[in-house]
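# Summary of the model geometry
The residues making up each chain are set out below.
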Amino acid sequence: MRVTTWLARAATALTLSSFAFAVPSQKYNWKNVKIGGGGGFVPGIVFNAKEKGLAYARTDIGGAYRLNADDSWTPLLDWADDARWNYWGIDALATDPVEPNRLYLATGMYTNSWDPNNGQILISTDRGASFNVSKLPFKVGGNMPGRGIGERLAIDPKSNNILYFGARSGNGLWKSTDYGKTWAKVASFPSAGTYIPVPGDTNDYNTDIVGIAWVTFDSTTGTSGSATPRIFVGVANKDSQSIFVSNDAGNTWSAVAGQPTGFIPHKGVLSSSEKTLYISYSDGAGPVMYKYDIASGTWTNITPVSGGDLYFGFGGVAVDSQRPGTIMVAALNSWWPDGQIFRSTDSGATWSPLWSWGNYPELNKHYSYSNSKAPWLGPNYPDTLAGNLQIGWMMESLEIDPFDSNHWLYGTGATIYGGRDLLQWDAKHNVSISSLADGLEETAILGLISPPSGPSLLSAVGDLGGFVHNSLSAAPATGFKDPNWATASDIDFAGNNPSIVVRVGTGDSSSGKQVAISRDYGTSWSQHYGAADNVSGGKVAVSADGDIILWRSNGNGVLVSQNMGSFAPVATLPSSTTIVTSDKKDNAVFYAAAGSSFYLSTDGGKTFAAKGSLGASTSTFEIAVNPNKTGDIWVSTDKGLFHSADSGATFTGIPGISQAWGVALGAPPSAGGYPAIFTAANVNLNGVGYFKSDDQGASWVQINDPAYGFGSASANVVAADSRVYGRVYIGTNGRGIFYGDAGGTNPPPISTGTAVTTPPSTSSGVVTTPGTTPPGSSMSTTSSVAIPSATASPWGQCGGANWTGPATCPAGFVCRVGNEWYSQCVPAS
């Protein structure tokens, strides 16, 4: 049983037993809010070599996906919950060339201090429908530098019980001989990698060794049933030998003779029909593309361009299994005038590009283009103006279907592109390119609002800026524009005039000013010229009437502006303020919080006064405001969920909730009633999950289930629909936006315990708790669970001290003792 401890201001502690049983679950139907596929980096696409149509994609923060026959994608890791949030970082993927049902994922988010968890290999024997987990003794970095190289994970095509995995951080090469269940380091492998992207990087992101880049088996050697003799391994070494080979099934290794140095080998792809290894290199200006003839040991430079035309690295490499000598390579980071892909049908002797220069600044683009599945990528035709990126960037994944020479896919920093007429490149130097990432929703959501009128939802999104979601099932036509920011950190609407919307950017744009206002629900925007240049990020709140903006900026404290005037510092709020919120009824009222301190402004955000205490909280995450009543607020913190009905003068801690992150108020269960409350929290025996209360927090039901974990609860945002009862939105850090609707009636609610009231900040003494027995007193204990009149209801109380209600449970339930005060009807199973 979990125990929650509440600390008095006088440092006297009172320990309370939380409710003994898990709160019941309510069936919810979850779907993605459609953005249209992608939205983030897709560093790996892998086709199965044995079964036509079977392919997978991996993302850096949004999990893995399986390709469907209609070109859509099915997510495989939506079950990853708060305890397994780093499973969404996929550093490598392998699909079995012998038994296609087998799938392996190397998962883990970061190798630096941001993620304390070691990585793991996820093992599936049913194409990702379910997984077993093999823990690794080191970290894996799906969202670290070098995540697009690879694949680091490979299956022996002659003896598929054997796998190799190339680790980061100097951990070397690892091998499994039992289908990934156990792993051992290959002690004989000579290099663990030396390349560090940015030595001394102060934010600890670019300071780790990238490590092993890829593992490629030479399938032309060996016999079925025995380990493949020849194996190539690429290592992220820049100024030393970086490609190694074994000719005795991994027992001994040596550097491949004659290899180039000075660059990092990103991909090593075998053309089995040619007995040739194609290798793309990159690192700054002047990279190269090589082929290695295995039989002769000859290296040939086949770089598609040279001189001033060579200002980018090379990433994705594809070979056509049906047409020997046909290869493709993608420019890795060509940010101007566009991305680029090259194709050769003579083993790299000559190349043709996807675009060529016309009359400057125009380009000749040798493709048709469709963004029908993700219109915001726009425009829906080949954009021939130099500088308008359309082909893509960060193109580390490029694949030709091994069973269909016309079918190709490539991943970018924003989506998956491809088509089904690739041979037209050779026939008439023109192909069809479409966005083909439907179902692959990989975005980081930083803010959500659901206003009481206008569109159902508006979002602030990492790397894409944000969207107006007029439909939850159709991709938006466009993102936020004028001003354009790659990332919006927060968004808010005016309670009395919801058409007024304010958003804040994070500084990644040509404009130095990072506040924008809309007066038509986000359809069009105006830059706020009262914002100082180079101040960005943080949280934003707009007053009920829409004329005042309160902004908790990153690095410049809390600022306030009225009537589009210049932002001025709010001296009465501390620099540690984490959250600011506006009242949705009273234009003069704003709320703010820092640690355990709560603040109230009644003069339009100009000054704030300290109010009640948030107990022992050290971090405050969100303030949710009752849209129908001034001063009725809910606050989520690292120590729980708190409620105030008096503008923060006093707070009641919701028992049984030890931590809470996102919190939102939505449409009430009945007209005129109190709003439904939603929170991402750590509740009782349920652990971290998503919960709903229809009775002002007295009792709760859990609304997520084992199929939907939503990743890291602390990184997610929660919004509730004010027009549709029960509808809630969860913005994730990597899997886009989900919306949930109740799929059945509420189960009987179970109280999480009895409330704890924290006094105003001027009080002192022991905090007493109604319904509990503090030391030295004789207070009685009561339960907030309704007493049934006959047979107890499912999940209802069926016994306990002083209980006078029924002791019989309905069919399928048994009465289980939780403590001396409470027994509950729980499922017999």
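Residues numbered from 1 in each chain as written. Predicted model: local features only at pLDDT ≥ 70, side-chain atom pairs only at ≥ 80, totals over all residues. Heavy atoms only, no water.

## A closer look at the overall build of the protein chain
- Counting its regular elements, the protein chain contains one helix and 65 strands.
- For the protein chain, restricting intrachain contacts to residue pairs at least 6 apart in sequence, the fraction spanning at least 24 positions comes to 52%.
- A total of about 29100 Å² of accessible surface is found on the protein chain, and carbon and sulfur atoms cover 50% of it. (Helix = DSSP H or I, 4+ residues; strand = E, 2+ residues; numbered from the N terminus. Contact = heavy atoms within 4.5 Å. Areas by Shrake-Rupley, 256 points an atom, 1.4 Å probe, with all protein chains shown as cover.)

## A word on the packing of aromatic side chains
- Under the counting rule described, the total for this entry stands at 38 aromatic pairs.
- With a centroid separation of 5.0 Å and 70° between ring planes, the pair formed by F598 and F651 is classed as edge-to-face. You can see F598 sitting in strand β48 (residues 597-601) and its partner F651 sitting in strand β53 (residues 651-653), a full 53 residues away along the chain. Comparing F598 with F651, the two get one shared label, buried.
- A cation over an aromatic ring shows up here: R102 above the ring of Y179, its NZ or CZ 4.0 Å from the ring centre. (Phe/Tyr/Trp six-rings, centres within 6.5 Å; stacked < 30°, edge-to-face > 60°. Buried < 20%, exposed > 50% of the residue type's maximum accessible area, 1.4 Å probe, protein only. Lys NZ or Arg CZ within 6 Å of the ring centre and 35° of its normal.)

## Some thoughts on the nonpolar core
- In this structure, M328, I341, W408, Y410 and I433 are the most contacted members of the largest nonpolar core, which totals 39 residues.
- Dropping the residues within four chain positions of it, I341 is found in contact with M328, V329, A330, S352, P353, L354, I391, M395, L398, W408, Y410 and W425.
- Residues L54, I61, M109 and L122 belong to the second largest nonpolar core, which totals 23 residues. (Core = buried A, V, L, I, M, F, W, Y, C linked by side-chain atoms within 4.5 Å.)

## Examining unusual backbone geometry
- Omega for the peptide link from G150 to E151 comes to 15°, which places this bond in the cis form.
- In this fold, E151 is placed in the loop between β11 (132-135) and β12 (153-155).
- Cis rather than trans, the peptide bond between G378 and P379 has omega equal to -15°.
- Relative to the helices and strands, P379 is located in the loop between β30 (367-370) and β31 (397-400).
- In the Ramachandran plot, S169 falls in the positive-phi region, its phi being about 60° despite a non-glycine side chain.

## Here's the deal with the layout of surface pockets
- By volume, the largest pocket is sized at about 1400 Å³.
- Considering the residues around the largest pocket, the lining is formed by 50 residues, among which W393, A414, D463, L464 and A486 are closest to the centre.
- Residues lining the lining of the largest pocket come from more than one domain, with at least three contributed by each of domain 1 (272-442) and domain 2 (445-693).
- The volume enclosed by the second largest pocket comes to roughly 1100 Å³.
- Lining the second largest pocket are 39 residues, with V46, F47, A49, V269 and L270 positioned closest to its centre.
- Going through the elements one at a time, β4 (44-47), β8 (90-95), β12, β16 (212-217), β20 (264-271), β24 (314-319) and β31 are the ones with two or more residues in the lining of the second largest pocket.
- The dominant element in the lining of the second largest pocket, judged by the number of residues it contributes, is β20, at five residues.
- Of the residues that constitute the lining of the second largest pocket, the class distribution is 22 nonpolar, 12 polar and five charged. (1 Å grid on protein atoms, 1.4 Å probe; cavity = no way out; pocket = protein on both sides within 12 Å on 5 of 7 lines; lining within 4 Å. Points joined across faces, edges and corners; volume = space filled by probe spheres on them. Domains from an automatic or database assignment. Nonpolar A, V, L, I, M, F, W, Y, C, P; charged D, E, K, R; others polar.)

## Points about the pairing of β48
- In terms of burial, β48 is largely enclosed, as four of its five residues are buried.
- Across five bridges, strand β47 (residues 590-594) lies against β48 in antiparallel orientation. In the sheet register, A593 faces β48, and the bridge partner there is F598.
- Linkage of β47 to β48, two consecutive antiparallel strands, is achieved through a turn of two residues, within which G595 is found at a positive phi near 60°.
- Two strands pair when backbone bridges link them, and β48 and strand β49 (residues 609-613) are joined in this way by three bridges, in the antiparallel orientation. Paired with Y599 across the strands is A610, a residue of β49. (Pairing = 2+ DSSP bridges.)

## Examining empty space enclosed by the protein
- One pass over the full model with this rule turns up two cavities of 30 Å³ or more.
- By volume, the largest cavity amounts to about 50 Å³.
- Split by residue class, the lining of the largest cavity holds four nonpolar, four polar and no charged.

## Considering the sheet that holds strand β42 (residues 539-542)
- Within the open sheet, the four strands sit side by side as β42-β43-β44-β45. Their pairing is antiparallel. Strands with a single pairing partner mark the edges of an open sheet, and in this sheet they are β42 and β45 (568-569).
- Pairing geometry for strand β44 (residues 558-562) and β45, over two bridges, is antiparallel. Residue pairing in the sheet places V560 in a bridge with A568 of β45.

## Things to note about the pattern of salt bridges
- Scanning all chains against the criterion turns up 20 salt bridges.
- Of the charged contacts in the structure, one is a salt bridge between R168 and D91, with a shortest N-O distance of 2.8 Å. Linking R168 in the loop between β13 (163-166) and β14 (173-176) with D91 in strand β8, this pair joins segments that are 77 residues apart in sequence.
- The class of D91 is buried, set by a relative accessible area of 0%.
- A salt bridge links E99 to R102; its shortest N-O distance comes to 3.1 Å.
- A relative accessible area of 16% means that R102 is categorised as buried.
- Taken together, the shared-partner salt bridges connect D71, D404 and R420 into one network. (Salt bridge = Lys/Arg side-chain N within 4 Å of Asp/Glu carboxyl O.)

## Details of the side chain of N160
- Residue position: N160 is located in the loop between β12 and β13.
- Judged by relative accessible area, N160 falls into the buried class, the value being 8%.
- Those residues in contact with N160 that lie beyond four places of it in its chain are D96, V98, E99, R102, I155 and Y179.

## So, the environment of L277
- Its location among the elements puts L277 in strand β21 (residues 276-282).
- On the basis of relative accessible area, L277 is assigned to the buried category, the value being 0%.
- Here the alpha-carbon distance between L277 and I294, two residues 17 residues apart in the chain, equals 7.1 Å.

## Side note on the sheet that holds β20
- Strand order in this open sheet of four strands is β20-β21-β22-β23, and the pairing throughout is antiparallel. Every other strand in the sheet has two partners, leaving β20 and β23 (298-301) as the edge strands with one partner each. Neighbour-to-neighbour, the strand axes of the sheet open up by a mean angle of 25°, direction not taken into account. (Axes fitted to C-alpha atoms, helices over the stretch in contact; angles between N-to-C directions.)

## A few points about a nonpolar patch on the surface
- On the surface, W335, W336, W357 and Y360 cluster together into a nonpolar patch covering about 510 Å² of accessible area.
- Looking at the secondary structure, you find W335 in the loop between β25 (327-331) and β26 (341-344).
- A relative accessible area of 45% places W335 in the partly exposed class. (Patch = residues over 30% accessible without salt bridge, like charges linked within 9 Å, V, L, I, M, F, W, Y side chains within 5 Å.)

## Quick word on the environment of L363
- Among the secondary structure elements, L363 is positioned in strand β29 (residues 363-365).
- L363 sits 26 residues away from P337 along the chain, and the two C-alpha atoms are 8.5 Å apart.
- When neighbours within four sequence positions are excluded, L363 is seen to be in contact with P337, D338, W355, S356, W357, G358, T384 and A386.

## Here's the deal with the side chain of R152
- Relative to the assigned elements, R152 resides in the loop between β11 and β12.
- A polar side-chain atom of R152 sits 2.5 Å from the main-chain carbonyl oxygen of I212. (Polar contact = N/O pair within 3.5 Å; in protein donor to acceptor, adjacent residues only side chain to side chain.)

## Focus: the confidence of the model for the protein chain
- The predicted model of the protein chain averages 89 in pLDDT, with 88% of residues at 70 or higher.
- Every residue in residues 1-20 scores below 50 in pLDDT, and together they form 64 contacts with partners more than four places removed in sequence or on other chains.
- The low-confidence segment residues 759-789 (pLDDT under 50) makes 68 contacts with residues lying over four places distant or belonging to another chain. (pLDDT = per-residue confidence, 0-100.)

## Thoughts on the environment of Q514
- By the secondary structure assignment, Q514 is in the loop between β39 (501-505) and β40 (515-518).
- Assessed through its relative accessible area of 1%, Q514 is described here as buried.
- For the pair Q514 and P483, spaced 31 residues apart in the sequence, the C-alpha separation amounts to 8.5 Å.

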